[in-house]
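# Structure assessment
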Amino acid sequence: MQFRLLSVVLILLNCMEYIGSQNASRGRRHRRTNASVSQSCPKGCDRCSEYNGCLSCKPRLFFSLERNGMRQTGVCLSSCPSGFYGVRTPEMNKCTRCRADNCDTCFDKNFCTKCKPGFHLHKGKCFDTCPEEFIPNNQTMECTTAVHCEVSEWNAWSPCTKRGKTCGFRRGSESRKRDIVQVPSAHGNPCPKTTETRKCTVQKKRCPAGEKGNKGKDKNKKSRKEGNKEAKQGRQAKNNNRGKENKNREGIRKEKPENKKRRGQNKKLIPTTVSTVH
């Protein structure tokens, strides 16, 4: 009886020892696995798994899914990629896809802030052709309004002049102009004319001595020009006369053989007289 009790006690002690050793090994194994998981997580991840990547991110980072072949893995980013926008919540910051067509960056799912290449932004949407009354700006890639030309008021009329002078005439012309305030864009309304002239009549007044001298110079120039013209005309007339004389001489030369023939015929027609001696 005592031997049986002793054997039961020994068996119980062995069982307790075995159970304690198993628990200790499980605890060591659990600590090792947790350490390995925390060390293998990508940068920025708060929790991760070997198969799914990041499961949650550290504060201020956005959680996003990336496709790798047939599966998706989680990553933590400081800003969302193209075509996504960031949504912050108490539980997790996520990257959500933009719903606007041809959008590269958006403020929310329906309001775009930057379009894909080849499209122009207008009121949060992307257009390949801008709406009416708007023109594409290829620098900002936005649809902007057309800029029309703007001009200032007309300046005062200039003094009445004729050939750059303000004296020695009764009828002349005066002009005025205005400035371009806004240059039009490529599709804007063009600018109207900025200068105009009209005829004017003033009381004729004598020119000062300086301007008279200029008039005399102008007259001398005119007389020289007229003299040169007359000289050219005289030369042409002389050349024409010489040509006529040469033609007359050639005509006389051609007429000489005809005159000889006529003289020969006249000689034949003259009767010959024969004197008879009785």
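Before any of the text, the structure's been laid out above.
Residues numbered from 1 in each chain as written. Predicted model: local features only at pLDDT ≥ 70, side-chain atom pairs only at ≥ 80, totals over all residues. Heavy atoms only, no water.

### Topic: the side chain of N93
This is how it is decided: Under the scheme used here, helices are H or I runs from DSSP no shorter than 4 residues and strands are E runs no shorter than 2 residues, and both carry numbers assigned from the N terminus. We call two N or O atoms a polar contact when they sit within 3.5 Å, provided that within protein one can donate a hydrogen and the other can accept it, with sequence-adjacent residues counted only if both atoms are side-chain atoms. Note on contacts: a residue pair qualifies if any of its non-hydrogen atoms lie within 4.5 Å across the two residues.
Locating N93 in the fold gives a position in the loop between β5 (84-87) and β6 (94-97). Within the structure, N93 has its side chain in polar contact with the backbone oxygen of L61 (distance 3.5 Å). Within polar-contact distance, the side chain of N93 engages the backbone nitrogen of T89 at 3.5 Å. Each residue touching N93, except ones within four places of it in the same chain, is listed here: R60, L61, F62, F63, V87 and R88.

### Focus: the pairing of strand β7 (residues 103-108)
Rule in force here: In this scheme, strands are said to pair when DSSP sees at least two bridges between them.
One ladder, built from four bridges, connects β7 with strand β8 (residues 111-115); its direction is antiparallel. Each bridged residue has a counterpart across the sheet, and for C106 the counterpart in β8 is C112. Between the end of β7 and the start of β8, which pair antiparallel, lie two residues.

### Describing the pattern of salt bridges
The condition that has to hold: Any carboxyl oxygen of Asp or Glu within 4 Å of a side-chain nitrogen of Lys or Arg constitutes a salt bridge here. With a 1.4 Å probe rolled over the protein chains alone, any residue whose accessible area is under 20% of its type maximum counts as buried; one over 50% counts as exposed, and the rest are partly exposed.
Per the counting criterion, the structure on display carries two salt bridges. The partner of E174 in a salt bridge is R198, with the nearest N and O atoms 2.6 Å apart. Separated by 24 residues along the polypeptide, E174 in strand β14 (residues 171-177) and R198 in strand β16 (residues 195-201) bring together distant segments of the chain. Taking the relative accessible area as the measure of exposure, E174 reaches 13% and is therefore buried. R176 is the salt-bridge partner of E196, the closest N and O atoms lying 2.5 Å from each other. Here the residue E196 occupies a position in strand β16, and R176 occupies one in strand β14, the gap between them amounting to 20 residues.

### Side note on the environment of S40
Along the polypeptide, S40 turns up in helix α1 (residues 2-40). Assessed through its relative accessible area of 56%, S40 is described here as exposed. Along the backbone, S40 and E50 are 10 residues apart, and their C-alpha atoms lie at a distance of 8.2 Å.

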